[in-house]
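What follows is the residue order along each chain.
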Amino acid sequence: MTTDGMILLIFGGAALIMVCSVMRRRRRLLSALFGAGTGLAALLLLSRFGPALGEQFPLNPFSLAGSALLGVPFVAGLALLRVI
């Protein structure tokens, strides 16, 4: 299995977990929109102020989709992987 395949498999598993988590909540749409909004806001802040931290955080389809689907924990993990 290639690296791209493994990344897509992990992303798909995380997406399935998030969808199941949102489906258990009372206000599903509001919860999903809040998670996506905060994740995208965190990614935009990280991409804007990333050079001040010494790292570039590009806005690509993977980071946008990950932050919209998984929220702030994805952005925090992305930042930790780039800094370490």
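Above this text you will find the structure in question.
Note that the structure is predicted; figures quoted are calculated from it, not measured. (Residues numbered from 1 in each chain as written. Predicted model: local features only at pLDDT ≥ 70, side-chain atom pairs only at ≥ 80, totals over all residues. Heavy atoms only, no water.)

Outline helix H3 (residues 61-70), supporting the account with residue identities and numerical values.
Those residues of H3 that sit buried are Ser63, Gly66, Ser67 and Leu70. When H3 is viewed along its axis, its buried side chains cluster within an angular range of 95° and face the same direction. After H3 finishes, the residue Gly71 shows a positive phi value of roughly 85°. (Buried < 20%, exposed > 50% of the residue type's maximum accessible area, 1.4 Å probe, protein only. Helix = DSSP H or I, 4+ residues; strand = E, 2+ residues; numbered from the N terminus. Arc of directions from axis to C-beta.)

Summarise the packing of aromatic side chains; cite the residues concerned and give the values.
Tallied over the full model, the rule gives 1 aromatic pair. Centre to centre, the rings of Phe62 and Phe74 are 5.7 Å apart; their planes meet at 70°, and the pair counts as edge-to-face. Taken together, the positions of Phe62 in helix H3 and Phe74 in helix H4 (residues 72-83) put the pair 12 residues apart, joining distant regions of the chain. Taking relative accessible area as the criterion, Phe62 reaches 38% and is therefore assigned partly exposed. In this structure, Arg48 is placed above the aromatic ring of Phe49, and the distance from its NZ or CZ to the ring centre is 5.3 Å. (Phe/Tyr/Trp six-rings, centres within 6.5 Å; stacked < 30°, edge-to-face > 60°. Lys NZ or Arg CZ within 6 Å of the ring centre and 35° of its normal.)

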